[in-house]
Each structure stands twice: as structure tokens, then as C-alpha cells.
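Residue strings, one per chain:
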Amino acid sequence: MSYTIGEAAGKIWRYLDENGPASVTKVTSETGISKNDIQRAIGWLAKEDKLSIEMKGRAETLSLK
């Protein structure tokens, strides 16, 4: 399972690197990663201090540090 989470974290990082900040919903729909794996990968990236999470209205916005 940790391989799947690491793979998802890599996809999220590359997506944000290429496209800039995006909502969790947008990242989920455009990467095709399941919601559970998205949440796990966000935790991974946040623990590694590679990700900023900001609330904009009711949406969480992800961006790289």
C-alpha cells in the first residue's frame, strides 16, 4: 500500500508542478486517483513538508512549497 500512496504523491506533485495551485476536487478528477489515495498522498506530502494546504471558501487548495 505504501507504494501506491507514494505513486499517488508523485502524481499529485507533478500535477501541481505543471498546473499550479488547485483544489483537492480538481486534482482528484484530473489525476484519476481515488479519493482515499488522494487523502493519504496529501498526508505524505504534507509530512515531507512539500505541500501547502489552504482553505479558500469551502475548498481546500493545494500548492507546492
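For clarity, every value in this text was computed on a predicted model and none was experimentally measured. (Residues numbered from 1 in each chain as written. Predicted model: local features only at pLDDT ≥ 70, side-chain atom pairs only at ≥ 80, totals over all residues. Heavy atoms only, no water.)

Visitor: Lay out the pattern of salt bridges with the relevant residues and their values.
Guide: One pass over the structure, following the stated rule, counts two salt bridges. For the salt bridge of Arg40 with Asp37, the shortest nitrogen-to-oxygen distance reads 3.3 Å. Within this pair, Arg40 and its partner Asp37 are both found in helix H3 (residues 35-47), separated by three residues, close to a single helical turn. Across the salt bridge formed by Lys65 and Asp49, the nearest N and O atoms sit 2.4 Å from each other. With Lys65 in the segment after strand S3 (59-64) and Asp49 in the loop between H3 and strand S2 (51-56), this residue pair connects regions lying 16 residues apart in the sequence. Judged by relative accessible area, Lys65 falls into the exposed class, the value being 61%. For Asp49, a relative accessible area of 48% translates into the label partly exposed. (Salt bridge = Lys/Arg side-chain N within 4 Å of Asp/Glu carboxyl O. Helix = DSSP H or I, 4+ residues; strand = E, 2+ residues; numbered from the N terminus. Buried < 20%, exposed > 50% of the residue type's maximum accessible area, 1.4 Å probe, protein only.)

Visitor: Could you give an account of the nonpolar core, with specific residues and numbers?
Guide: Counting 15 residues, the largest nonpolar core has Ile12, Leu16, Val27, Ile38, Ile42, Leu51 and Leu62 as its most contacted members. Tallying contributions element by element places helix H1 (residues 2-19) first for this core, with five residues. If sequence neighbours within four positions are ignored, Ile42 has contacts with Val24, Leu51, Ile53 and Leu62. (Core = buried A, V, L, I, M, F, W, Y, C linked by side-chain atoms within 4.5 Å. Contact = heavy atoms within 4.5 Å.)

Visitor: I'd like a rundown of the pairing of S3, residues and numbers included.
Guide: As judged from the two bridges shared by strand S1 (residues 22-23) and S3, these two strands associate in the antiparallel manner. Considered in S3, the bridge of Ser23 is made with Thr61. Bridge count for S2 against S3 is six bridges, and the pairing is antiparallel. Across the sheet, the residue bridging to Ile53 is Leu62, located in S3. (Pairing = 2+ DSSP bridges.)

Visitor: Now, about helix H2 (residues 24-31): what can you tell me, with residues and values included?
Guide: Looking at H2, one finds that the buried residues are Val24, Val27, Thr28 and Thr31. The buried residues of H2 occupy one face: seen down the axis, they fall within an arc of 100 degrees. Away from the buried face of H2 by more than 90 degrees, exposed residues Thr25 and Ser29 are located. Directly after H2, the chain includes Gly32, whose backbone phi takes a positive value near 75 degrees. (Arc of directions from axis to C-beta.)

By themselves, these are just geometric observations and shouldn't be taken as functional.
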